[in-house]
Number of protein chains: 2
Amino acid sequence: MKYLITGANGFVGRYFIEYLQKNESNAEIYGIDITENCLSDINYRQVDLSDRFSTYRILDEIRPDYIVHLAAVSSVAQSWQDPAKCFLNNTSVFLNIADGVRELGIKCRILSVGSSEEYGIYDIPMEEGFVLHPKNPYSVARLSQEYLSKLYVDYFKLDIVMTRSFNHIGPRQNPKFVIPSFIQQLVKISKGEQNELKVGNIDVVRDFLDVRDVVDAYYKIIKHSKTREVYNVCSGKGVKLRDIINTVSKQLNITPNIIVDEERIRPNEIMSVVGDNTKIKKELGWEPRYTIEKTLMDMIVKG
Amino acid sequence: MKYLITGANGFVGRYFIEYLQKNESNAEIYGIDITENCLSDINYRQVDLSDRFSTYRILDEIRPDYIVHLAAVSSVAQSWQDPAKCFLNNTSVFLNIADGVRELGIKCRILSVGSSEEYGIYDIPMEEGFVLHPKNPYSVARLSQEYLSKLYVDYFKLDIVMTRSFNHIGPRQNPKFVIPSFIQQLVKISKGEQNELKVGNIDVVRDFLDVRDVVDAYYKIIKHSKTREVYNVCSGKGVKLRDIINTVSKQLNITPNIIVDEERIRPNEIMSVVGDNTKIKKELGWEPRYTIEKTLMDMIVKG
């Protein structure tokens, strides 16, 4: 089977490649990304997916069985700064791929990744059937991608499966994200290199899933889902950021001095974002295998 | 008051300009369109709104009080042929205008035009509060525009008012649309220049509003609506295409031979699209003034 991974150098992309190499030893793995050098041992090409011609050319060259479309600019903050660019980097890139598959008549399954952000504000665990209320340009772009995915299945008979993915965490995550930022700071505090832990609002509740469970979910979705289905990919558990700080502090055996940094407070932040993962568990037999304590310890040890 | 009309040479644009010239004699009217020559007597500039820099430049030069954003490529059929272009011509163009207003700090009200297509399939008169189920790329693009409009009001404090507009008809409409096509053919039949009326599915029911009532609704919305409101712009009445053919045939005193042309049958066509106009009537005192018979007669006489 030929796999094409877009965003191959991204946080999830690298883990997905490792998962494939481990679990499907005869998989032919092709990766593309916007960056020059590949971070994995696969067939790699630098491609700008916002360029339709380049996208078509690589699709036609590889003609994959599966496209695992992980390339995205998934920052809510950036989407406020340049909403048009957010549409270009998400919706238009997706359309370039989907139109390429359609026009080149490639028989393949596409994994289209969406976001928990599509739900908007619910303070109860969110199920796939809920009405969506996007609250930022990024989630409007993701919602458009989901609508378009369904239309491409219905009218062009493409084979697309979809997710609404919640927060991911794990080793090697960019410290611009909240949990690796906390861990990086707490490790420095434990070594005496830093005095205080700088935080934003740590009373918000989020649903964190280990990236290794994320790629296992994605693999099960592309292998076993029916066409046109959408699955929440989440732990199903809400955790307060404050409790994560406490867990890591205990693991490091420190009592950090916590300082609220006004710059880290986001306007209109949603207090609780928790998903319901009943559907993927029941239909695809997926189960998360990493506890939050194990994940956090791995992040401390592996960075 | 300075008005900037985008799509000034379009079907609705020209009527809006005529309405303004008649009803607000001291209005300063600026029009832009992608075409070279202006069809009205106003300040005109050829601008490609998909070009961000050109859009910003014209916005900064005019700094209007109202932007009546009528420029669009509102073809469902074309959106299936090139969905990415549909997003560029609708969503991205809207974002260029909204970002221009935001970044240049222009104090103005924007009219954002949406479509009945956003509702998807309902066989009852559609009210503004219904859950939206877009069924083609065009309606996904329009729905994105509506979501983005609301976000720009909520977070950037822009002053945007919105519509979901149903089918328009009236004199000077392009005969690629169904009603002017029928009338053009029926007039030819009445003159003996054509033998048969070629039709698609004439049992579909649509909600047709005279374009002169449309621009009256748009004017009342920009003048009297609260920020962030969405209004259906429609007649509130469902009419079967077959009945329109009968009315026009009676007006022309002919009994046409009707032939179904398979090329005119659209796949997955929605059987009934009718809007509820209670909200705009009640809140803004708008009422349609043209009966369908009057509109059809005007189309026969004026072309």
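Residue positions are counted from 1 within each chain, in the order its sequence is given. Starting at A for chains and at 1 for ligands, labels are handed out in the order in which the entities are written. Local features are withheld for residues below a pLDDT of 70 in this predicted model, meaning they are given only at 70 or higher, and side-chain atom pairs are given and counted only at 80 or more; totals for whole chains, interfaces and linings count all residues.

Peer 1: Just to check I follow, could you spell out the nonpolar core for this structure?
Peer 2: Looking at soluble globular proteins, one finds that nonpolar side chains tend to be buried together. For this entry, the nonpolar core is defined as buried Ala, Val, Leu, Ile, Met, Phe, Trp, Tyr and Cys residues connected by C-beta atoms within 7 Å. With C-beta atoms placed from the backbone, a residue is labelled by how many other C-beta atoms lie within 10 Å of its own: buried for 20 or more, exposed for 12 or fewer, partly exposed between the two. Counting residues in each nonpolar core, the largest one holds 160 residues, and the members touching the most others are A:Phe16 and B:Phe16. Once residues lying within four places of it in the same chain are set aside, the contact partners of A:Phe16 are A:Ile5, A:Val68, A:Leu70, A:Val215 and A:Tyr218. Whether two residues are in contact is decided by their C-beta atoms, placed from the backbone, lying within 7 Å.

Peer 1: Honestly, the relation of the copies chain A and chain B in this entry has me stumped. Any pointers?
Peer 2: There are two copies of the chain, and a rotation about an axis plus a shift along that axis relates them. Least squares is the method for superposing the copies, and the C-alpha atoms it fits come from residues with pLDDT of at least 70 in both. Rotating chain A by 180° about the axis while translating it 0.0 Å along that axis superimposes it on chain B, leaving an RMSD of 0.0 Å. The superposition of one copy onto the other is thereby described by a two-fold rotation axis. Using C-alpha coordinates, one finds that chain A approaches the rotation axis most closely at A:Ser144, a distance of 3.4 Å. In this assembly the copies share their binding face: 100% of the residues contributing to the interface of chain A also contribute to that of chain B.

Peer 1: What is the right way to read the packing of helix α5 (residues 137-156) of chain A against helix α5 (residues 137-156) of chain B from this model?
Peer 2: Any two packed helices are characterised by the angle at which their axes cross and by the distance between the axes. Here an axis means a line fitted to C-alpha atoms, over the contact stretch when the element is a helix, while the angle between two N-to-C directions is reported on a 0 to 180 degree scale. Strands are runs of DSSP state E lasting at least 2 residues, helices are runs of H or I lasting at least 4, and numbering of each runs from the N terminus. Between α5(A) and α5(B), whose axes approach to 10 Å, the crossing angle comes to 165°. Judged by the inter-axis angle, α5(A) sits roughly antiparallel to α5(B). As α5(A) runs across α5(B), the sense of the crossing is right-handed. Counting all contacts with α5(A), which are made through A:Pro137, A:Val140, A:Ser144, A:Tyr147, A:Leu148 and A:Leu151, the residues of α5(B) involved are B:Pro137, B:Val140, B:Ser144, B:Tyr147, B:Leu148 and B:Leu151. Throughout, the ten residues Ala, Val, Leu, Ile, Met, Phe, Trp, Tyr, Cys and Pro are labelled nonpolar, Asp, Glu, Lys and Arg are labelled charged, and all others, Gly among them, are labelled polar. Residues belonging to the contact of α5(A) with α5(B) are distributed by class as follows: 10 nonpolar, two polar and no charged. Any angle from 65 to 115 degrees is called roughly perpendicular, while one under 35 is roughly parallel, one over 145 is roughly antiparallel, and all others are oblique. Crossing handedness is defined as follows: a turn of the near helix away from the far one that is anticlockwise and smaller than a right angle gives a left-handed crossing, while the clockwise case is right-handed.

Peer 1: What's the story with helix α7 (residues 211-224) of chain A in this structure? I'm lost.
Peer 2: Note on helix geometry: an α-helix contains 3.6 residues per turn, so any two residues three or four positions apart are oriented the same way. Here the expected span of a helix is defined as 1.5 Å times the quantity of residues minus one. Across its 14 residues, α7(A) extends 20 Å between first and last C-alpha, which sits within 8% of the 20 Å expected from 1.5 Å per residue. Those residues of α7(A) that fall on the buried side of the exposure criterion are A:Val211, A:Arg212, A:Asp213, A:Val214, A:Val215, A:Asp216, A:Ala217, A:Tyr218, A:Tyr219 and A:Ile221.

Peer 1: Mind showing me how you'd approach the interface of chain A and chain B here?
Peer 2: Many structure descriptions define interface size as the accessible area lost when the parts assemble. Chain A puts 19 residues into the contact, and the matching count from chain B is 19 residues. Looking at the side of chain A that touches chain B, the elements with two or more residues in it are α4 (83-103) and α5 of chain A. Here the element with the most residues in the side of chain A that touches chain B is α4(A); it accounts for eight residues. Each residue belonging to the side of chain A that touches chain B can be placed in one class, and the counts come to 13 nonpolar, five polar and one charged.

Peer 1: Got a minute to help me understand the sheet that holds strand β12 (residues 239-240) of chain A in this structure?
Peer 2: Sheet strands associate in pairs through backbone hydrogen bonding, adopting either a parallel or an antiparallel arrangement. Residue and element names in this part refer to chain A. Here the rule is simple: two strands pair whenever DSSP picks up at least two bridges between them. If you trace the three strands from one edge of the open sheet to the other, you get β12-β9-β14, paired in mixed fashion. The two strands at the open ends of the sheet, each matched to only one other strand, are β12 and β14 (272-273). Across two bridges, strand β9 (residues 205-206) lies against β14 in parallel orientation. Bridge assignment links valine 205 to a residue of β14, and that residue is serine 272.

Peer 1: Even after reading the chapter, I still don't get the packing of α4(A) against α5(A), so can you show me in this structure?
Peer 2: Residues and elements named next belong to chain A. At their nearest, the axes of α4 and α5 sit 9 Å apart, and the two run at 15° to each other. For the element pair α4 / α5, the angle class is roughly parallel. Note that α4 runs across α5; the crossing there is right-handed. Contacts from Pro83, Cys86, Phe87, Asn90, Thr91, Phe94, Leu95, Ala98 and Arg102 of α4 reach α5 at Pro137, Tyr138, Ala141, Arg142, Ser144, Gln145, Leu148, Tyr152 and Phe156.

Peer 1: It is not clear to me how the domain arrangement of chain A should be interpreted in this structure. Could you clarify?
Peer 2: All names here are of chain A. Assigned domains of chain A: these are domain 1 (2-168 + 211-233) and domain 2 (170-206 + 237-302). Each domain's extent is set by a domain assignment, obtained either automatically or from a database. Centre-to-centre separation of domain 1 and domain 2, based on C-alpha positions: 25 Å. Contributions of two or more residues to the side of domain 1 that touches domain 2 are made by β7 (167-169), α7 and β11 (230-233). Here the side of domain 1 that touches domain 2 gets eight residues from one element, more than from any other, and that element is α7.

Peer 1: It is not clear to me how the sheet that holds strand β3 (residues 43-46) of chain A should be interpreted in this structure. Could you clarify?
Peer 2: Residues and elements named next belong to chain A. Taking strand neighbours across the sheet as the criterion, the seven strands line up as β3-β2-β1-β4-β5-β6-β11 in an open arrangement whose pairing is parallel. In this open sheet, the two strands that pair with only one neighbour each are β3 and β11. Taking the axes of each pair of neighbouring strands and ignoring which way they run, one obtains an average angle of 20° across the sheet. Sheet topology places strand β1 (residues 2-6) next to strand β2 (residues 28-33); five bridges connect them, and they run parallel. Within the sheet, the bridge partner assigned to lysine 2 lies in β2 and is glutamate 28.

Peer 1: Mind showing me how you'd approach helix α2 (residues 52-62) of chain A here?
Peer 2: Residues and elements named next belong to chain A. Looking only at α2, the buried set comprises Thr55, Ile58 and Leu59. Relative to the axis of α2, the buried residues are bounded by an arc of 100° and lie together on one face. Residues of α2 that are exposed and point more than 90 degrees away from the buried face comprise Phe53 and Glu61. Contacts made by the buried residues of α2 are with β2, β3 and α4. Positive phi appears at arginine 63, one or two residues downstream of α2, with a value of about 40°. By definition, the arc is the one covered by directions from the helix axis to the C-beta atoms.

Peer 1: What am I meant to see in the pairing of β1(A) here?
Peer 2: On any regular strand, side chains alternate: one points to one face of the sheet, the next to the other face. All names here are of chain A. Summarising burial for β1: four of the five residues are buried, a large majority. Viewed along the sheet, the connection from β1 through helix α1 (residues 11-23) into β2 turns out right-handed. As defined by bridge partners, β1 adjoins strand β4 (residues 66-69) across four bridges and the pair is classed as parallel. Bridge pairing in β4 links isoleucine 5 to valine 68. Handedness is read with the strands pointing away from the viewer; a crossover is right-handed when the path from the first strand over the helix to the second is clockwise.

Peer 1: When you look at unusual backbone geometry in this model, what are you seeing that I'm missing?
Peer 2: One non-glycine residue, A:Lys157, lies in the positive phi region at around 60°. With respect to the element layout, A:Lys157 can be found in the loop between α5 and β6 (159-165).

Peer 1: Would you explain the environment of A:Ala98 in this entry?
Peer 2: All names here are of chain A. Topologically, alanine 98 is positioned in helix α4. On a C-alpha basis, the gap between alanine 98 and lysine 188 in space is 45 Å, while along the polypeptide they are 90 residues apart. Ignoring any residue separated from it by four or fewer positions in sequence, one finds alanine 98 in contact with Ile110, Tyr152 and Leu158.

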